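Take a look at the letters that make up each chain.
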Amino acid sequence: MEVLDSLLLGFSVALRPDVLFYAFVGCLVGTLVGMLPGIGPLAGVSILLPLTFGLDPTKAIVMLAGIYYGSQYGGSTTSILLRIPGEAASVMTCIDGNAMARKGRAGAALCIAAVGSFIAGTFGVIMLTLIAPPLANFALRFGPPEYTALLVLGLIFLAYMSTSSLPRTLLMAAFGLMLGTIGIDVMSGHFRFSFDIPELGDGIGIVPVAVGLFGLGEILSTPSRNVKTNVVSPKLRELLPTRTEWRQSTWPIARGSVLGFFIGIIPGSAHIISSFVSYALERRLSKHPEEFGKGAVAGVAGPESANNSASTGAFVPMLALGIPTGPVIAVLMAALLIHGIPPGPTLVNDHPKLFWGFVASMYVGNLMLLALNLPLVGAFVSVLRIPYAYLYPMIIMFCVIGVYQVNNSIVDVWIMLIMGVVGYGLKKFNFDPAPLVLGLVIAPIFEMSLRQSLIMSGGNWHIFLQRPIALVLLLICVVLLGLAIYGAVIARRDWRAKLAAAEAGE
Amino acid sequence: MSGPGKSAAILRADHIAGGVFIALGIAVFILGWNLPFGRLSAPGAGMLPKLTAGLLILFAVIIVATGAASEKLSQLPWSDWIHAALVTGITAAAVSLYTTLGFLITMSLLIFTLLVLVERKNIVGSAAYAAALTLFAYWLFAIALKAPLERGLLWF
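Residues numbered from 1 in each chain as written. Chains lettered and ligands numbered in written order. Predicted model: local features only at pLDDT ≥ 70, side-chain atom pairs only at ≥ 80, totals over all residues.

> Even after reading the chapter, I still don't get the overall build of chain B, so can you show me in this structure?
Along its length, chain B carries 5 helices and 2 strands. Along its sequence from the N terminus, chain B presents helices and strands in the succession α-β-β-α-α-α-α. Rg of the C-alpha trace for chain B: 24 Å, well past the compact-globule value of 15 Å for 156 residues, more than 25% over. Over its C-alpha atoms, taken along the principal directions, chain B stretches across nearly 65 × 55 × 20 Å. (Helix = DSSP H or I, 4+ residues; strand = E, 2+ residues; numbered from the N terminus. Rg over C-alpha atoms; globule rule 2.2 N^0.38 Å.)

Written as structure tokens, this is what we have:
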């Protein structure tokens with residue numbers, strides 16, 4: 001009953017016309033962000049973060065979250081119609097979604113993707129409603145050693161689940177942690193690596209790094225001659241799937257929703273991984289696995305549901321523990337912090353209107369996305385007719401404005417430019433920059449909790465083994481590391497290698 | 001009987017990437033030399049930077065050591081480097097002029113230069129597009145959202 005009362009409070013906030021308006025704007029912009037090649041959800045959320053500075057925290061987070069889950073919907077449209085994944089999580093949808101489109105079933109594929117996304121997104125929010133508050137209460141028992149262990153687990157999990165190899169992912173995370181140490185040390189007041197640049201005293205911001213790596217970096221490595229679009233928009237009457245197609249999509253949507261949510265809770269690029277795992281699962285369970293790759297309905301319904309459910313699941317650790325599970329969530333956390341709201345176990349009790357308003361807005365947002373994506377698919381697709389040569393200068397302009405507006409600092413824009421070049425280089429040498437952003441985000445929390453733990457214990461490392469929760473978390477780290485090393489030693493081509501191959505191939 | 005073309009002598013992508021990160025880790029150690037590491041019971045400001053630099057070097061060494069299986073340096077696709085260099089150079093010029101010239105002038109020039117120099121588009125069309133887009137962004141941020149933009153040389 002307590003949850004229902006709280007949810008009612010949330011709906012009283014989420015259904016206010018002004019909040020509804022910002023949820024709508026977020027969903028609309030998110031759909032466009034997901035569709036356009038070159039700007040994924042991370043760059044989209046980062047670039048548009050400054051737009052929320054004038055808003056109250058609830059509207060700000062509702063709009064940014066709308067951009068995030070809206071982009072998951074939008075990504076499927078370009079995947080199905082053009083075989084271009086607007087963002088990485090839509091890679092798997094390209095395969096069967098586009099094959100369905102070539103068979104003349106583009107409308108049905110879009111409808112199944114949208115309905116699957118809606119069901120999965122709603123399932124994810126229900127689970128979030130039920131899981132986040134008790135988890136937050138449990139997390140109140142966490143002290144510095146538990147937080148240190150949890151953050152280490154997050155990094156190890158990321159490395160284990162990543163499509164890159166273990167050393168590459170951990171190297172990127174270490175690089176991010178290192179960048180996170182730039183600036184004034186809050187415990188001793190020492191300036192670290194600031195080179196007499198006052199702006200670096202506050203450290204390197206997440207937004208310039210994220211926009212540089214994922215926005216500008218992508219543009220640098222995408223000359224317009226490589227972007228060719230042949231846009232075909234389906235007619236409204238072609239959108240309804242047949243009864244057989246509905247039947248074929250029912251269980252994949254259900255499985256994708258459950259699978260996606262639980263993968264979403266795990267740190268890493270969960271929504272990308274979830275879509276791949278769901279595709280592999282559906283193929284394995286199918287009575288006709290040979291149809292996969294040639295337009296199997298389950299190959300669209302499963303991955304699309306999984307990636308939407310995962311993007312909702314990713315909010316659980318952020319809201320309940322104050323820990324980001326990926327770079328997009330990290331930027332959303334930064335947005336809350338900019339507004340003076342620390343996410344974490346105290347959020348539910350200290351800011352119930354924000355917490356429950358945000359949760360309720362996700363129910364509403366999913367409905368909005370369904371209403372937006374199906375009837376307006378033709379209008380959205382027409383955006384793709386803008387030639388890329390005209391599109392990317394606009395994106396660069398928004399990158400510059402977005403980054404500059406955060407602190408009115410030109411140093412931030414230089415950092416973005418440098419990170420753009422770094423992102424270009426990392427891409428050439430097959431490094432995934434996502435762990436770098438995650439490392440950068442958790443660096444201050446990690447350093448603080450590590451040092452507090454050591455001070456608490458008088459310099460005794462055993463504190464991490466004497467506290468039961470920390471011990472369990474570290475044991476999971478050891479198991480995961482062991483599994484990863486075992487996997488590397490026998491060099492089997494597991495699903496992560498196949499995901500990497502699929503991403504490279506697409 | 002090792003000939004000059006033996007693969008062991010070929011520089012691979014991971015050798016270069018690992019080498020760069022090793023150099024970065026060493027640079028962090030040198031630059032952070034004066035930062036106190038402290039003791040375990042009282043960790044100093046230099047503890048995490050040095051720990052992470054150490055980890056960076058460790059993982060980079062592993063990447064170099066296992067780099068023989070990576071792509072040859074010559075096989076990396078570099079066909080986009082001219083595009084990347086031009087976009088970076090033009091954006092860097094715009095960033096350095098941004099606070100002096102202001103939003104409207106700098107962004108118009110940035111978009112115009114990208115279209116004309118990088119994309120070889122028609123000058124008049126590019127100028128019109130650049131002006132229209134910049135004015136739209138100005139309206140969106142400065143007027144609709146009331147987010148202050150750099151004025152620079154202009155008075156509004």
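> Explain the overall build of chain A here, please?
Each helix and strand in chain A was counted, giving 23 helices and 2 strands. Considering chain A as a whole, with its 506 residues, one finds that 61% of them fall into the buried category. Residue pairs at least 24 apart in sequence account for 80% of intrachain contacts in chain A once pairs closer than 6 positions are excluded. (Buried ≥ 20, exposed ≤ 12 C-beta atoms within 10 Å, placed from the backbone. Contact = placed C-beta atoms within 7 Å.)

> Is there a simple way to explain the interface of chain A and chain B in this structure?
The partner chain B presents 49 residues to the 46 residues of chain A that form the contact. Mapped by element, the contributors of at least two residues to the side of chain A that touches chain B are helix 8 (166–179), helix 9 (206–220), helix 18 (388–407), helix 19 (410–428) and helix 20 (434–456) of chain A.

> Explain the environment of valine 3 of chain A here, please?
Residue and element names in this part refer to chain A. Checked against the element boundaries, valine 3 lands in helix 1 (residues 2–14). Under the C-beta neighbour-count criterion, valine 3 is labelled partly exposed, with 13 such atoms within 10 Å. Considering only alpha carbons, one finds valine 3 and leucine 128, 125 residues apart in sequence, at a separation of 11 Å.

> Help me out: how do you make sense of the domain arrangement of chain B in this one?
As assigned here, chain B comprises domain 1 (10–75) and domain 2 (81–144). For domain 1 of chain B versus domain 2 of chain B, the separation of C-alpha centres amounts to 38 Å. (Domains from an automatic or database assignment.)

> Can you help me understand helix 1 of chain A in this one?
Residue and element names in this part refer to chain A. With 13 residues, helix 1 should cover 18 Å at 1.5 Å per step; its first-to-last C-alpha distance of 18 Å lies within 8% of that length. Of all the residues in helix 1, the buried ones are Gly10, Val13 and Ala14. Along the long axis of helix 1, the arc covered by the buried residues comes to 90°, so they all point the same way. Exposed residues lying more than 90 degrees from the buried face of helix 1 are Leu4, Asp5 and Leu8. (Expected span 1.5 Å × (residues − 1). Arc of directions from axis to C-beta.)

> Where do I start with unusual backbone geometry in this structure?
Excluding glycine, a negative phi dihedral is what most residues carry, and trans is how most peptide bonds are arranged. Residue and element names in this part refer to chain A. One non-glycine residue, aspartate 196, adopts positive backbone phi at about 60°. If you check the backbone angles, asparagine 430 has positive phi at about 60° while not being a glycine. Note on placement: asparagine 430 falls in the loop between helix 19 and helix 20.

> Sorry if this is basic, but what is going on with the environment of glycine 293 of chain A here?
All names here are of chain A. Assignment of secondary structure puts glycine 293 in the loop between helix 11 (270–285) and helix 12 (298–313). Spatially, the C-alpha atom of glycine 293 lies 52 Å from that of serine 194, the residues being 99 residues apart in sequence. Apart from the residues lying within four places of it in its own chain, the contact partners of glycine 293 are Ile95, Asp96 and Ala99.

> What exactly am I supposed to notice about the packing of helix 18 of chain A against helix 4 (residues 103–118) of chain B here?
For any two helices packed against each other, the geometry is given by the interaxial angle and the distance between the axes. Packing of helix 18 of chain A against helix 4 of chain B leaves a shortest axis separation of 9 Å and a crossing angle of 150°. What the angle tells us is that helix 18 of chain A and helix 4 of chain B run roughly antiparallel. Relative to helix 4 of chain B, helix 18 of chain A is oriented so that their crossing is right-handed. From helix 18 of chain A, Pro393, Ile396 and Met397 of chain A reach across to helix 4 of chain B, where they touch Met107, Leu110, Ile111, Leu114 and Leu115 of chain B. Residues that form the contact of helix 18 of chain A with helix 4 of chain B fall into these classes: 8 nonpolar, no polar and no charged. (Axes fitted to C-alpha atoms, helices over the stretch in contact; angles between N-to-C directions. Parallel < 35°, antiparallel > 145°, perpendicular 65-115°, else oblique. Left-handed = near helix turned anticlockwise from the far one by under 90°. Nonpolar A, V, L, I, M, F, W, Y, C, P; charged D, E, K, R; others polar.)

> Is there a simple way to think about the confidence of the model for chain B in this case?
Interpretation of the predicted coordinates at a detailed level should be avoided for regions scoring low in pLDDT. All names here are of chain B. Across chain B, the average pLDDT comes to 87, with 92% of residues at or above 70. At the level of individual helices and strands, chain B shows its lowest average pLDDT in strand 1 (residues 38–39), which scores 88, and its highest in helix 4, which scores 95. Segment residues 1–7 is flagged for pLDDT under 50; beyond a separation of four residues in sequence, or across chains, it makes 0 contacts in the model. Listed scores for the predicted complex are pTM 0.79 and ipTM 0.91. (pLDDT = per-residue confidence, 0-100.)

> Explain the packing of helix 18 of chain A against helix 5 (residues 123–144) of chain B here, please?
Relative orientation of the contacting elements helix 18 of chain A and helix 5 of chain B amounts to 35°, with a least axis distance of 11 Å. For helix 18 of chain A against helix 5 of chain B, the interelement crossing comes out right-handed. Contacts between helix 18 of chain A and helix 5 of chain B involve Tyr390, Met394, Met397 and Ile401 of chain A on the former and, on the latter, Tyr129, Leu133, Ala137 and Phe141 of chain B. Broken down by class, the residue content of the contact of helix 18 of chain A with helix 5 of chain B amounts to 8 nonpolar, no polar and no charged.

> Which parts of the structure should I look at to understand the nonpolar core?
All names here are of chain A. In terms of nonpolar packing, the biggest core is built from 202 residues, with Leu64, Val331, Leu332 and Val437 touching the most fellow members. Ranked by residues supplied to this core, first place goes to helix 6 (residues 106–139) with 19 residues. Not counting residues up to four positions away in its chain, the partners in contact with leucine 64 are Gly26, Val45, Leu49, Thr52, Leu332 and Ala335. (Core = buried A, V, L, I, M, F, W, Y, C linked by C-beta atoms within 7 Å.)

> What is the right way to read the environment of serine 70 of chain B from this model?
Residues and elements named next belong to chain B. Along the chain, the position of serine 70 falls in the loop between helix 2 (47–65) and helix 3 (81–101). Since 20 C-beta atoms lie within 10 Å of it, serine 70 is described here as buried. Those residues in contact with serine 70 that lie beyond four places of it in its chain are Arg12, Ala13 and Asp14.

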